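Fold and contact review
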Amino acid sequence: MNLKMKRLMFVFAGLLASINALPKEVLSGKIVTVIDGNTVELVAEDNETYKIKLHGIDCPLSGQDYGEKAKRYLEKMLLDKPVSVEMKGKDRWGTRLGVIIIDGELDPRYELLKEGLAWTAEVNPNPELEGIREKAKEKGKGLWKDNNPTPPWVFRRKQTLTQFKSS
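About the thresholds
As a convention, each chain's residues are numbered from 1 in the sequence order in which they are written. In keeping with the predicted nature of the model, local features appear solely for residues at pLDDT of at least 70, side-chain atom pairs appear and are counted solely at 80 or more, and the whole-chain, interface and lining totals rest on all residues. Processing note: side-chain calculations cover all non-hydrogen atoms of the structure and skip hydrogens and water entirely. Numbering of helices and strands runs from the N terminus, with a helix taken as a DSSP run of H or I at least four residues long and a strand as a DSSP run of E at least two residues long. Each residue is assigned to one of three classes by its accessible area relative to the maximum for its type, calculated with a 1.4 Å probe on protein chains only: buried under 20%, partly exposed between the two thresholds, exposed over 50%. A contact between two residues is defined here by any heavy atoms of the two lying within 4.5 Å. Between the first and last residue of a helix there are one fewer steps than residues, each counted as 1.5 Å, and that sum is the expected span. The arc in question is formed by the directions pointing from the helix axis toward the C-beta atoms. Only the six-membered ring of Trp is used, alongside the rings of Phe and Tyr, when aromatic pairs are assigned; centres must lie within 6.5 Å, and planes under 30 degrees apart are stacked while those over 60 apart are edge-to-face, with the rest tilted.

Relative to the elements of secondary structure, Thr-95 occurs in the loop between strand E5 (82–90) and strand E6 (96–102). According to the relative accessible area criterion, Thr-95 is buried, its value standing at 13%. If sequence neighbours within four positions are ignored, Thr-95 has contacts with Lys-51, Lys-53, Gly-89 and Lys-90.

Here it is, written out as structure tokens:
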């Protein structure tokens, strides 16, 4: 390998290391509203209100079996509690996606999945979360008591089709 190539490789390795060293956006604050089983509002330390969806899971919606139960479960875990949120980007509608941690250790996504109150993401599910979902399904917990529960993304698509036809 010639000297130019070695230098180029060294610069490239440095760039990669610096990208990974970028600080992750973490918000701290208090959950003031639970909108549904996987969407909350956080008032951060800067007094700004942020709407955040739990990254990597999808809960039944209002009007779906277990939708209200998932919301109530999340309220018990999060409402008026101080939390930290590691931001993971935004969904296609611009809603922030995050991993919420209570008391520095409890991740509500795991709890919702263990209770059978959530699916993992439709696209590229996290293997760790998927394993928790599978265990709940094997045990017939929550929505997995039903033989063929309707995932929220299917429910949303059906609602959208119905709305277009009725107009």
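Between its first and last C-alpha atoms helix H4 (residues 127–139) spans 19 Å; for 13 residues at 1.5 Å apiece the expected length is 18 Å, and the two agree. Turning to H4, its buried residues number three or more, namely Leu-129, Ile-132, Arg-133 and Ala-136. Projection of H4 onto a plane perpendicular to its axis shows the buried side chains occupying an angular sector of 100°, all on one side. Of the exposed residues in H4, those oriented more than 90 degrees away from the buried face are Pro-127, Lys-135 and Glu-138. Where H4 is buried, its residues meet strand E4 (57–58), helix H3 (108–114) and strand E7 (119–120). Note on H4: the residue one or two positions beyond its end, Gly-140, has a positive phi of about 65°.

Now for helix H2 (residues 67–78). Counting along an α-helix, one turn takes 3.6 residues, and residues three or four places apart therefore face a common direction. When the terminal C-alpha atoms of H2 are compared, their 17 Å separation across 12 residues agrees well with the 16 Å that a helix rising 1.5 Å per residue should span. What H2 keeps buried is the set Gly-67, Ala-70, Leu-74, Met-77 and Leu-78. Each buried residue of H2 sits inside an arc of 95° when the element is viewed along its axis, so together they form one side. Tucked inside the fold, the buried residues of H2 contact strand E1 (26–36), strand E2 (39–44), strand E3 (49–54), E5, E6 and H3. Where H2 terminates, the next one or two residues include Asp-80, which has phi positive at roughly 65°.

Time to look at the packing of aromatic side chains. This model, assessed by the stated rule, comprises two aromatic pairs. Relative to Trp-144, the ring of Trp-119 has its centre 5.6 Å away and its plane inclined at 65°; by these criteria the two rings are edge-to-face. Placement of Trp-119 in strand E7 and of Trp-144 in the loop between H4 and helix H5 (152–166) is noted, with a sequence separation of 25 residues between them. The residues Trp-119 and Trp-144 share a single accessibility class, namely buried. Geometrically, the ring pair formed by Trp-119 and Trp-153 is edge-to-face, given 6.3 Å between the ring centres and 70° between the ring planes. Separated by 34 residues along the polypeptide, Trp-119 in strand E7 and Trp-153 in helix H5 bring together distant segments of the chain. Trp-153 gets classed as buried once you look at its relative accessible area, which sits at 14%. Of the aromatic side chains, those joined through ring pairs into one cluster are Trp-119, Trp-144 and Trp-153.

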